[in-house]
Every structure is written in C-alpha cells, then in structure tokens.
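The lines below spell out each chain.
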Amino acid sequence: MVQKAEKIWFDGELVNWDDAQVHVLTHTLHYGAGVFEGIRAYATVDGKSAVFRLREHVVRLFDSAKILGITIPFTIEQIHDAIIETLKVNGLKEGYIRPLVFIGDGAMGVHPGANPIRVCIATWPWGAYLGEEALEKGIRVKTSSFNRHHVNSMMTKSKACGNYVNSILAKVEAVKDGYDEALMLDTQGYVSEATGENIFIVKNGVIKTTPLTSVLPGITRASLMKVATDLGYEVVEQLFTRDELYVADEAFFCGTAAEVTPICEVDNRTIGEGKRGEVGTLLQKEYFNAVKGGNAKYTDWLDYYEI
C-alpha cells in the first residue's frame, strides 16, 4: 500500500492528499492517453537529500507528452521546482516521486477534443520495489506469453499510461505462476525488457543490454552503462535471445523503482551461480554510492534539497 503523505501538487497548487481527486469521466481513465514518470530521492552521505537525475526525468516526461500529442501547461522548470517543493512540504528526506500528466473530463469518445490537460505530482516513502531481499538474493523470472509492443503500435519511447496494460498482463501472469517478475520479448522474439525494468546480462566479463528498439530509454539503464564503462567494463547494446540469457554468467534488471536487482532464475533455469554475481554486486554498490552522493564524479546527477 502507498503510504499517504500530506500534500499532492495538483495543477499548480498544493492540495491535501485526500482532496486530489478527479471526475469518473476523466478521459485518460477511460482511454489511457496520459504520461508519467517514476523518480527517486535519496538521503545522501552528507546529511542532505537529493533527487536522482531529476532534469532528465522531467525532460522525458515532456518528450513522452509530445509523442502523444499532449501539450503540458507548465514549463520544464516549473515541474522541476514543483517536485522539489512537494518533497519538502511532505518532509521526505527520501522517497518516490510520481508526476502524472493526463487528459481531464469534458468530451467523451476517443478524440479528447478540448479537454483540459492536468498535471499532478505525488511523493511518498517507498522501499525496494521487488523487496529488500531481492536486492541481495535475486529474483525468479518467467518469460511472458505477452510480447512487448511493436514499435509502430504503441509508441514505445513514450512512458504512456496505456502502454502499461501490457505490463500488467505480464506481471499478473508471472506472479500467479509463482515468479517475481516477467521477462518480455519483442515482436521478433528477442529479449526486450521486463514489465517496468531494463535488463542486462554478463558473459565472459562483457556486459550486454538490449538496444533502444522496443524498449523505453531507461535513465537508470543509461546511468549503469556510464558507471560500468567508467569501471572499465565493455558495455554492448545488442539484440539477444532468450537462450543467450539462459547461459549468461549473470543477469540483472534495473530501473528507478527496481534500482539494480539481480536475476537468479529464468524459466526454471539457474542463471550463473543462482545468486547476485560479481559484476552485478559491484554495479549495485556503485549505483547506490552514486545516488547517495558518495562519488563526486556523479554529483551532477543529483538535485540537492534540505528538509
């Protein structure tokens, strides 16, 4: 359950959590044409707090909206500042941030007409998405019977609300079958991503991740690629198959919510030694070090604020 905070930023104003409501005929509620972001703030090693790669997330929010033909009635700077303001008013030294842009009520039918574009920002405390134990021991994964969207059907570079029906179907299927997460293939049968995470595999010291074909351009993905390269690893963007994943030395998911989560098993095949591997362990450590301000090389990724 989401832990309730005091305020939500809604259309330019801070309102009480329980007052942030919409009409049942809100267009996006019926048709899914909205966009969102998932962002994290962390308590840092110097006692302050910082939002990780805030500007990149806000820019991606605006890019997602543009892809869907939605004009956000605020500037990038206004949304950036509103996120910091919402964290501060809720007294959150760390937590999860969810900006959402959606089409309000008015006209019904597929075409939204002149319905208002609405924006809200919610923040709340949130721990490890797949569980604290998963960060250490890894998770069990099932290849989904549902494919990731074709690139010309659902605009895969937009973090659109409606895209996630695909993810819900895959996640529910995997959990019902006793797994922690679903692996999704693209329409050609290559590994794409998970329901809300990008994927990396490691083989003979080389780190490989799927290219930006059918996958969302993950900000955590880009961050890990930079960290891994700085550590001296070879990082390759290349299509790979499910059976190549089966015989990888290591595999892990990454994302704002999942952070860096090792994969110990896929489709009842043990990955590597069935636990967090050497490369994944190091990248996880360095990632958390970066988001918490422990590495000066990556301080430009952090937007500091104080409660």
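The name given to the protein in an unreviewed UniProt entry is Branched-chain-amino-acid aminotransferase, with Maridesulfovibrio hydrothermalis AM13 = DSM 14728 as the source organism. The Sequence similarities (unreviewed entry) field of the UniProt record for the protein holds the comment "Belongs to the class-IV pyridoxal-phosphate-dependent aminotransferase family."

### A look at helix α3 (residues 76-89)
Helical geometry note: an α-helix holds 3.6 residues per turn, so side chains three or four residues apart project in the same direction. Across its 14 residues, α3 extends 20 Å between first and last C-alpha, which sits within 8% of the 20 Å expected from 1.5 Å per residue. Taken as a whole, α3 has its buried residues at I79, H80, A82, I83, I84, T86 and L87. Looking at the residues trailing α3, positive phi occurs at G91, about 65°.

### Here's the deal with the domain arrangement of the protein
Domain boundaries assigned for the protein yield domain 1 (7-124) and domain 2 (132-291). Using only C-alpha atoms to locate each centre, domain 1 and domain 2 end up separated by 26 Å. The interface is formed by 21 residues belonging to domain 1 together with 19 residues belonging to domain 2. Between domain 1 and domain 2, the buried area comes to about 1700 Å², and carbon and sulfur atoms account for 64% of it. The largest per-residue losses of area from domain 1 upon contact with domain 2 belong to F36, F52 and R60, which jointly make up 34% of the total buried on that side. Between domain 1 and domain 2 we count one salt bridge in total.

### Points about the environment of K226
With respect to the secondary-structure elements, K226 resides in helix α6 (residues 219-230). By relative accessible area, K226 is classed as partly exposed at 40%. The contacts of K226, once residues within four sequence positions are left out, are Y298 and W301.

### Remarks on the pairing of strand β2 (residues 13-16)
Both strand β1 (residues 7-10) and β2 contribute to a ladder of four bridges, which runs antiparallel. By the bridge assignment, W9 is partnered in β2 with L14. In sequence, β1 turns back onto β2 through a hairpin of two residues, with D11 there showing a positive phi of about 55°.

### Quick notes on the packing of aromatic side chains
Under the counting rule described, the total for this entry stands at eleven aromatic pairs. Both rings, one in Y96 and one in W126, keep their centres 4.5 Å apart while their planes meet at 85°; by these two values the pair is edge-to-face. In this pair, Y96 is assigned in strand β6 (residues 95-103) and W126 in the loop between β7 (117-124) and α4 (132-137), connecting sequence segments 30 residues apart. With a centroid separation of 5.8 Å and 65° between ring planes, the pair formed by Y287 and F288 is classed as edge-to-face. Site record: aromatic cluster; members linked through ring pairs are F52, Y287, F288, Y298 and W301.

### Section: the pairing of strand β14 (residues 250-255)
Within a regular strand, the side chains alternate between the two sheet faces. Taking burial as the measure, the six residues of β14 include six buried ones, the bulk of the element. Going residue by residue along β14, you find E250, F252 and C254 tucked away on one face and A251, F253 and G255 tucked away on the opposite face as well. Summarising the sheet, strand β11 (residues 198-203) and β14 pair through five bridges and their orientation is antiparallel. Within β14, the position partnered with I201 by the bridge is A251. Inspection of the sheet shows β14 paired to strand β15 (residues 259-266) by four bridges, in the antiparallel sense. Each residue of the ladder has a partner; that of C254, found in β15, is V260.

What counts, and at which threshold
- Residues numbered from 1 in each chain as written.
- Predicted model: local features only at pLDDT ≥ 70, side-chain atom pairs only at ≥ 80, totals over all residues.
- Heavy atoms only, no water.
- UniProt positions renumbered as here; feature names shortened; annotations may be inferred.
- Helix = DSSP H or I, 4+ residues; strand = E, 2+ residues; numbered from the N terminus.
- Expected span 1.5 Å × (residues − 1).
- Buried < 20%, exposed > 50% of the residue type's maximum accessible area, 1.4 Å probe, protein only.
- Domains from an automatic or database assignment.
- Contact = heavy atoms within 4.5 Å.
- Buried area = accessible area lost by both parts, 1.4 Å probe.
- Salt bridge = Lys/Arg side-chain N within 4 Å of Asp/Glu carboxyl O.
- Pairing = 2+ DSSP bridges.
- Phe/Tyr/Trp six-rings, centres within 6.5 Å; stacked < 30°, edge-to-face > 60°.

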